[in-house]
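What follows is the residue order along each chain.
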Amino acid sequence: MIRINENFNKLKASYLFSDIANRVSEYIIKYPDKEIIKLGIGDVTRALPPACTKAFHSAVDEMSFDKSFRGYGPEQGYEFLRDKISEKDFQSRGINISPKEIFVSDGAKCDTGNIQEIFSGDIKIAIPDPVYPVYVDTNVMAGRTGKNQDGRYEGLIYLESTEQNGYVPDLPSESVDLIYLCFPNNPTGSTATKAQLLKWVGYARDHKALILFDAAYESFIRDDSLPRSIFEIEGADEVAIEFRSFSKSAGFTGTRCAFTVVPEKCRAFDSRGDVSYLHPLWLRRQSTKFNAVSYPVQRAAEAVYSDEGQKQVRELTDYYLKNASLIIEKMTGLGYSCTGGKDSPYIWIKGDRDSWKFFDLLLEKAGVVCTPGAGFGKCGENHIRISAFNSYENVQKALERIEKALQ
Ligand code: PLP
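Cut-offs and rules
- Residues numbered from 1 in each chain as written.
- Predicted model: local features only at pLDDT ≥ 70, side-chain atom pairs only at ≥ 80, totals over all residues.
- Heavy atoms only, no water.
- Helix = DSSP H or I, 4+ residues; strand = E, 2+ residues; numbered from the N terminus.
- Rg over C-alpha atoms; globule rule 2.2 N^0.38 Å.
- Buried < 20%, exposed > 50% of the residue type's maximum accessible area, 1.4 Å probe, protein only.
- Contact = heavy atoms within 4.5 Å.
- Areas by Shrake-Rupley, 256 points an atom, 1.4 Å probe, with all protein chains shown as cover.
- Core = buried A, V, L, I, M, F, W, Y, C linked by side-chain atoms within 4.5 Å.
- Axes fitted to C-alpha atoms, helices over the stretch in contact; angles between N-to-C directions.
- Parallel < 35°, antiparallel > 145°, perpendicular 65-115°, else oblique.
- Left-handed = near helix turned anticlockwise from the far one by under 90°.
- Nonpolar A, V, L, I, M, F, W, Y, C, P; charged D, E, K, R; others polar.
- Phe/Tyr/Trp six-rings, centres within 6.5 Å; stacked < 30°, edge-to-face > 60°.
- Near = heavy atom within 4 Å.
- Polar contact = N/O pair within 3.5 Å; in protein donor to acceptor, adjacent residues only side chain to side chain.
- Salt bridge = Lys/Arg side-chain N within 4 Å of Asp/Glu carboxyl O.

Attention now goes to the overall build of the protein chain. The secondary structure content of the protein chain amounts to 11 helices and 17 strands. By the compact-globule yardstick of 22 Å for 407 residues, the protein chain fits well, its C-alpha radius of gyration being 21 Å. Counting the 407 residues in the protein chain, one finds 55% classified as buried. Looking at the protein chain alone, contacts between residues at least 24 apart form 72% of all its contacts between residues at least 6 apart. Carbon and sulfur atoms provide 49% of the accessible area of the protein chain, an area that totals close to 18,200 Å².

Shown next as structure tokens:
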């Protein structure tokens, strides 16, 4: 008898963005003539940088001739891309990450979801609340949690991000083995200072733990004092894995390219307590289950690091940050307390009501779609997330409508 993995039954019945999509569909049926402005799901709206499309096109052309055609690529990614990442994202900033330590992939979603496979089933996991849902759900599927009770899974340690701690969680009071961190944060838009990351790295070293650091929004950091990589912290290369993505920096959400950094020194332990390095494990996992990102996509990603690519990516992220400033200005002016939006495309707004009620109000009265904070965890109650991913004109229009709706 074929049986299912019953851990899937523990997952909350519907996924946040499907719930939102359903409410938006109902709204469209009810008001077919009203225009909706979407500031909800974190998808970008502007085209790929021209440097990327140019490289993309010419790589596609190469594939049309036998002599330049390429079949399966190296599972870890082509050297031309890993060399550029190592040089431009790390070495030039004084961080010693070599191309060998970089694993190119088709998304930080897959990597942050798959990485848990290389850890034991009985580890203790600390997960921020609110959180990007992938970290939680993939551990639920793998059977590392109990049931969901009142919005929280038994067996997980929740790291609360609240107004009191500036949406940067404190160290856990108990000993944990695996810690998920994400800065600039989705959904709160909060950032962590070097001093804050230093504490986490110290904790991981003291407790023989590991940090999974999601830096998918690193390209939005404008404050030079903020760390762009956890590897800016001394000793982090022994206790952390970092995830990056071209999705939000260069508009690759539909093109798919990202990378994960697993330093060769990064360690975990076996059941005898002996050190075991994670780099060979992840390499084995990827070589077995993943067959690399397509050649043209990797060429397009490489173009991000050209001089023109760097300028265009900066212009792209600046555009969304300008939207974010406008959102903060308006929502603060309306009396709401806002976090994020300065070094992040997300603005986390403390509302004066239940987050789904706030969502419904903005949809019904303003035709604006945001994301209800409760969908990201218990601490998201009474909050909404507004994303800066839309045109400046639409953001302006949405804010005018929100102002009217809240009066
Ligand atoms: N990590 C975080 C925190 C995200 O918010 C997202 C996308 O929204 C991802 C990872 C996924 O990135 P990718 O498009 O590379 O899969």
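On to the nonpolar core, then. With 54 residues, the main nonpolar core has I179, I211, F246 and F252 as its most contacted residues. Looking at this core element by element, the count peaks at 5 residues for helix α6 (residues 194-206). The contacts of I179, once residues within four sequence positions are left out, are A126, L159, W200, Y203, A209, L210, I211 and L212. With 38 residues, the next largest nonpolar core counts Y167, W356, F358 and A374 among its residues.

Next up on the list: the packing of helix α2 (residues 50-62) against helix α8 (residues 295-302). One way to put it is that α2 packs onto α8 with a least axis distance of 8 Å and a crossing angle of 150°. The angle between α2 and α8 places the two elements in the roughly antiparallel class. Between α2 and α8 lies a crossing of right-handed hand. The segment α2 lies against α8, with C52, A55, F56, A59, V60 and E62 engaging Y295, P296, V297, R299 and A300. For the contact of α2 with α8, a count of residues per class yields 9 nonpolar, no polar and 2 charged.

One pass over the structure, following the stated rule, counts 21 aromatic pairs. Ring centres of F220 and F389 lie 6.1 Å apart, and the angle between their planes is 70°; on these two criteria the pair is classed as edge-to-face. Taken together, the residues F220 in the loop between β8 (210-214) and β9 (240-245) and F389 in the loop between β17 (383-387) and α11 (392-406) connect sequence positions 169 residues apart. For the pair F220 and F389, a shared accessibility class is recorded, and that class is buried. By the ring-pair criterion, three or more aromatic residues cluster together here, those being Y217, F220, Y319, Y320, Y346 and F389.

Below, the discussion takes up the site of the ligand. With respect to spatial proximity, 14 residues lie near the ligand, and among them N186, D214, Y217, S245 and S247 are the closest. Between an oxygen atom of the ligand and a side-chain N or O atom of N186, the distance comes to 2.7 Å. At 2.8 Å, a side-chain N or O of R256 approaches an oxygen atom of the ligand. In the complex, 91% of the free accessible area of the ligand, which totals 400 Å², lies under the protein chains. Along the lines of polarity and charge, the residues of the shell around the ligand split into 6 nonpolar, 4 polar and 4 charged.

The subject of this paragraph is the environment of Q298. If you trace the backbone, Q298 turns up in helix α8. Spatially, the C-alpha atom of Q298 lies 17 Å from that of A47, the residues being 251 residues apart in sequence. Q298 has contacts with G77, Y78, F80, L81, V104 and V293, leaving out every residue within four places of it along the chain.

To continue, consider the pattern of salt bridges. As enumerated under the stated definition, the model contains 27 salt bridges in all. Among the salt bridges present, the one from E238 reaches R205, with a minimum N-O distance of 3.2 Å. Note that E238 is positioned in the loop between β8 and β9 and R205 in helix α6, a separation of 33 residues in sequence. Here E238 falls in the partly exposed class, since its relative accessible area comes to 28%. A relative accessible area of 37% means that R205 is categorised as partly exposed. Across the salt bridge formed by D352 and R353, the nearest N and O atoms sit 3.0 Å from each other. Judged by relative accessible area, which is 51%, D352 ranks as exposed. Beyond isolated ion pairs, a larger network of salt bridges with shared partners links D89, E218, R228, E242 and R244.

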